[in-house]
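Residue-level structural notes
The primary structure of each chain is shown beneath.
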Amino acid sequence: MYPRAFHYHRARSLEQASSLLAELGEEAKVLAGGQSLIPLMKLRLASPGHLVDLNFVPGLSYVEQNDGEIRSGALTRHAEIESSPVAQQIPILYDCASGIADVQVRNRGTLGGSLAEADPSGDWAPVLLTLSTAVRCVGPQGERTIPLSKFFLDAYTTALGPAELVSEVVVQIPPKNSGGAYLAFKRCAPVYATASVAVHLTVEDKDICKDARIALGAVGLTAIRAQQAEAALRGQAFTKKSIDAAAEAAHAAAEPQSDMRGSAEYKRGLVGALVKRAIEIALRRSRGERVEVSHIYV
Amino acid sequence: MSETIERVPIRVTVNGKGYQREVEPRLLLVDFLREELDLTGTHIGCDTSYCGACTVLLNEASVKSCTVFAVQADQGEVLTVEGLEQDGHLHPLQQAFADHYGLQCGYCTPGLLLSACHLLVKNPHPTEQQIRKAIAGNTCRCTGYQNILKAIQAAAQSMGK
């Protein structure tokens, strides 16, 4: 299968890529890892006349720690995050990076590309929404920083301007006594999740929940922050009652559609179950326990 | 009406040998290997980035060559199944796949060999779980995977000696 013929532009810097996008207009798309874009082009669901390739821009691939934050370049591949000792300090980042699709896709797919594509089933969005994350961007008007909570506007639609690109993703390192978990439930490795849940908890003495962030993936047009579910935990002890209340609120917050991955009702049920499981793992991790989880295959 | 698309000069090292070509931007890496270089060991399976039959190593990382444009491999190094054998000797993974019946029809084998090769370079002594995860992007419809697991375990052992 072949995409429509396109003109190829190899950018040497993000600024140059941005000028090319401004000049070429709507016919141009950005090529990062290409693991979504190339299949879409081969199926002719996307048929750009121009591709601006970022893969030869130097210095866009890194994971660094500085002043309580982790900064990753837009072109950092999922596999680089998976093997980065910096990212491994935050187990939820490792859960996500090590489970996206399969090895081959993780070797190519990028963090910046995943966020900029804004696929409703993308893995990074729910995970990073449970942490304090900002997206740094470069465009014709220069640089700006967008909080991730304001980045996704709709399915496949972000706050990025037409000639604007993600340059870096900045994640605040969560406080001590906190822990998170990401669970994505899927049919097999290379496919998107049927539903996914990210939970990050900050725990006070005697197992009282100081703060909770819960986000749902693949069950709405964008990743969904389940704020009622968070409220059900905040200030409470982690008991069966509070965890059940959080799961019920998350079940209600999901906005799934029936499709080949499952019926809407099935996905809602899945969300409730995954939230309970993720809370338990996040809680154990907040106590310093090592728990290995990642994407779950049916 | 067709407009002229500029071809792009690329330089790629494949299995240790340098090649220079001018390619159309939409040429996929798998077709570059198969059609331009006549290296037909790399197979096209699903053509939608699912099955992993087209897996090759690009700059030491396994990739699905049906989901990479040849222009993206410019200045890069590619390893295909043809490059595994050295001086007439099968690579230990190839030998182990033969010894342990790790294939039946053989269609998925080139991709599985490269995925396994990528794994053993990064992790010479993988657990069974790690092997399973490493080949999760390679579909085999004949073997049921058991003999593939055995083959990779045996290759890891023989390479570790």
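Since we're looking at a predicted model, the values are computed, not measured.

If you tally the helices and strands in chain B, you get 5 helices and 5 strands. Helices and strands appear in chain B in the N-to-C order β-β-α-β-β-β-α-α-α-α. Within chain B, the fraction of its 161 residues that count as buried is 48%. At a minimum sequence separation of 6, the contacts of chain B that also span at least 24 residues come to 59%.

The first and last C-alpha atoms of helix α11 (residues 264–286) of chain A sit 32 Å apart over 23 residues, in line with the 33 Å expected at 1.5 Å per residue. Following α11 of chain A by one or two positions, Gly-288 of chain A has its phi on the positive side, about 90 degrees.

Bringing the packing of helix α2 (residues 92–99) of chain B against helix α3 (residues 109–122) of chain B into the picture now. All names here are of chain B. Where α2 meets α3, the axes come as close as 10 Å, and the angle between the chain directions of the two elements is 125 degrees. Comparing the axis directions of α2 and α3 gives the class oblique. Regarding α2 and α3, the two cross each other, and that crossing is right-handed. Counting all contacts with α2, which are made through Leu-93, Gln-94 and Phe-97, the residues of α3 involved are Thr-109, Leu-113, Ala-116 and Cys-117. In terms of residue class, the contact of α2 with α3 is made up of 5 nonpolar, 2 polar and no charged.

On to the packing of helix α10 (residues 240–253) of chain A against α11 of chain A, then. All names here are of chain A. Running from amino to carboxyl end, α10 crosses α11 at an angle of 145 degrees, the nearest separation of the two axes being 8 Å. For the element pair α10 and α11, the recorded crossing hand is right-handed. Counting all contacts with α10, which are made through Ile-243, Ala-246, Ala-247, Glu-248, Ala-250 and His-251, the residues of α11 involved are Arg-268, Val-271, Gly-272, Val-275, Lys-276 and Ile-279. Taken together, the residues of the contact of α10 with α11 break down into 7 nonpolar, 2 polar and 3 charged.

All names here are of chain A. Strand order in the open sheet formed by 3 strands is β1-β3-β2, with parallel pairing between adjacent strands. The sheet is open, and its two edges are formed by β1 (7–10) and β2 (28–31), each paired on a single side. In this sheet, neighbouring strand axes are inclined to one another by 25 degrees on average, regardless of whether the strands run parallel or antiparallel. Taken together, the 4 bridges between β2 and strand β3 (residues 50–53) define a ladder with parallel strand orientation. Directly across from Val-30, in β3, lies its bridge partner Val-52.

Our focus in this paragraph is the domain arrangement of chain B. Residue and element names in this part refer to chain B. When the domains of chain B are assigned, the result is domain 1 (8–83) and domain 2 (92–160). Taking only C-alpha atoms into account, the centre of domain 1 sits 21 Å from that of domain 2. Taken together, the 15 residues of domain 1 in the interface contact 12 residues of domain 2. For the side of domain 1 that touches domain 2, the elements supplying multiple residues, two or more each, are β3 (55–58) and β4 (61–64). A total of 3 residues in the side of domain 1 that touches domain 2 trace back to one element, the largest contributor, which is β3. When grouped by side-chain class, the residues that make up the side of domain 1 that touches domain 2 number 8 nonpolar, 7 polar and no charged.

Once that is clear, we can look at the domain arrangement of chain A. What the domain assignment reports for chain A is domain 1 (7–53), domain 2 (63–172) and domain 3 (178–297). Between the C-alpha centres of domain 1 of chain A and domain 3 of chain A the distance comes to 35 Å.

All names here are of chain A. In space, the 5 strands of this open sheet follow the order β4-β5-β10-β6-β7, with antiparallel pairing throughout. Bordering the open sheet on either side are β4 (63–66) and β7 (142–147), each of which pairs with just one other strand. Pairwise comparison of adjacent strand axes, ignoring direction, gives a mean angle of 25 degrees for this sheet. Here strand β6 (residues 133–139) pairs with β7 via 6 bridges, running antiparallel. Residue pairing across strands places Cys-137 opposite Arg-144, the latter belonging to β7.

This brings us to helix α1 (residues 14–24) of chain A. Owing to its 3.6 residues per turn, the α-helix aligns residues three or four sequence positions apart on the same side. Residue and element names in this part refer to chain A. Considered for burial, the residues of α1 that qualify are Leu-14, Ala-17, Ser-18 and Leu-21. Along the axis of α1, the buried residues cluster in a sector spanning 100 degrees; they form a single face. Buried positions along α1 lie against β2, β3, β6 and β10 (165–172). The positive-phi residue at the C-terminal boundary of α1 is Gly-25, with phi of around 75 degrees.

Counting residues at the interface gives 23 residues for chain A and 25 residues for chain B. Every element with two or more residues in the side of chain A that touches chain B is listed here: β1, α2 (37–42), β3 and α6 (103–108) of chain A. Here the side of chain A that touches chain B takes 5 residues from α6 of chain A, the largest share from any one element. The class makeup of the residues in the side of chain A that touches chain B is 14 nonpolar, 6 polar and 3 charged.

Attention now goes to the nonpolar core. Residue and element names in this part refer to chain A. Counting residues in hydrophobic clusters, the biggest one holds 148 residues, and the most contacted among them are Leu-216, Ala-246, Ala-250 and Val-275. If you tally residues by element for this core, the top one is α11, at 9 residues. Excluding residues that lie within four positions of it along the chain, Val-275 makes contacts with Val-197, Val-199, Ile-214, Ala-229, Ala-246, Ala-247 and Ala-250.

The subject of this paragraph is the pairing of β6 of chain A. Across the 7 residues of β6 of chain A, 6 count as buried, placing the element largely inside the fold. Two successive antiparallel strands, β6 of chain A and β7 of chain A, enclose a turn made up of 2 residues.

What follows concerns the environment of Leu-37 of chain B. All names here are of chain B. Relative to the assigned elements, Leu-37 resides in the loop between α1 (29–36) and β3. Residue Leu-37 is classed as partly exposed on the basis of its 19 C-beta neighbours within 10 Å. Distance from Leu-37 to Ala-156, taken between C-alpha atoms, is 31 Å for residues 119 residues apart in sequence. In contact with Leu-37, not counting residues within four places along its chain, are Val-14, Tyr-19 and Phe-32.

The rules we used
Residues numbered from 1 in each chain as written. Chains lettered and ligands numbered in written order. Predicted model: local features only at pLDDT ≥ 70, side-chain atom pairs only at ≥ 80, totals over all residues. Helix = DSSP H or I, 4+ residues; strand = E, 2+ residues; numbered from the N terminus. Buried ≥ 20, exposed ≤ 12 C-beta atoms within 10 Å, placed from the backbone. Contact = placed C-beta atoms within 7 Å. Expected span 1.5 Å × (residues − 1). Axes fitted to C-alpha atoms, helices over the stretch in contact; angles between N-to-C directions. Parallel < 35°, antiparallel > 145°, perpendicular 65-115°, else oblique. Left-handed = near helix turned anticlockwise from the far one by under 90°. Nonpolar A, V, L, I, M, F, W, Y, C, P; charged D, E, K, R; others polar. Pairing = 2+ DSSP bridges. Domains from an automatic or database assignment. Arc of directions from axis to C-beta. Core = buried A, V, L, I, M, F, W, Y, C linked by C-beta atoms within 7 Å.

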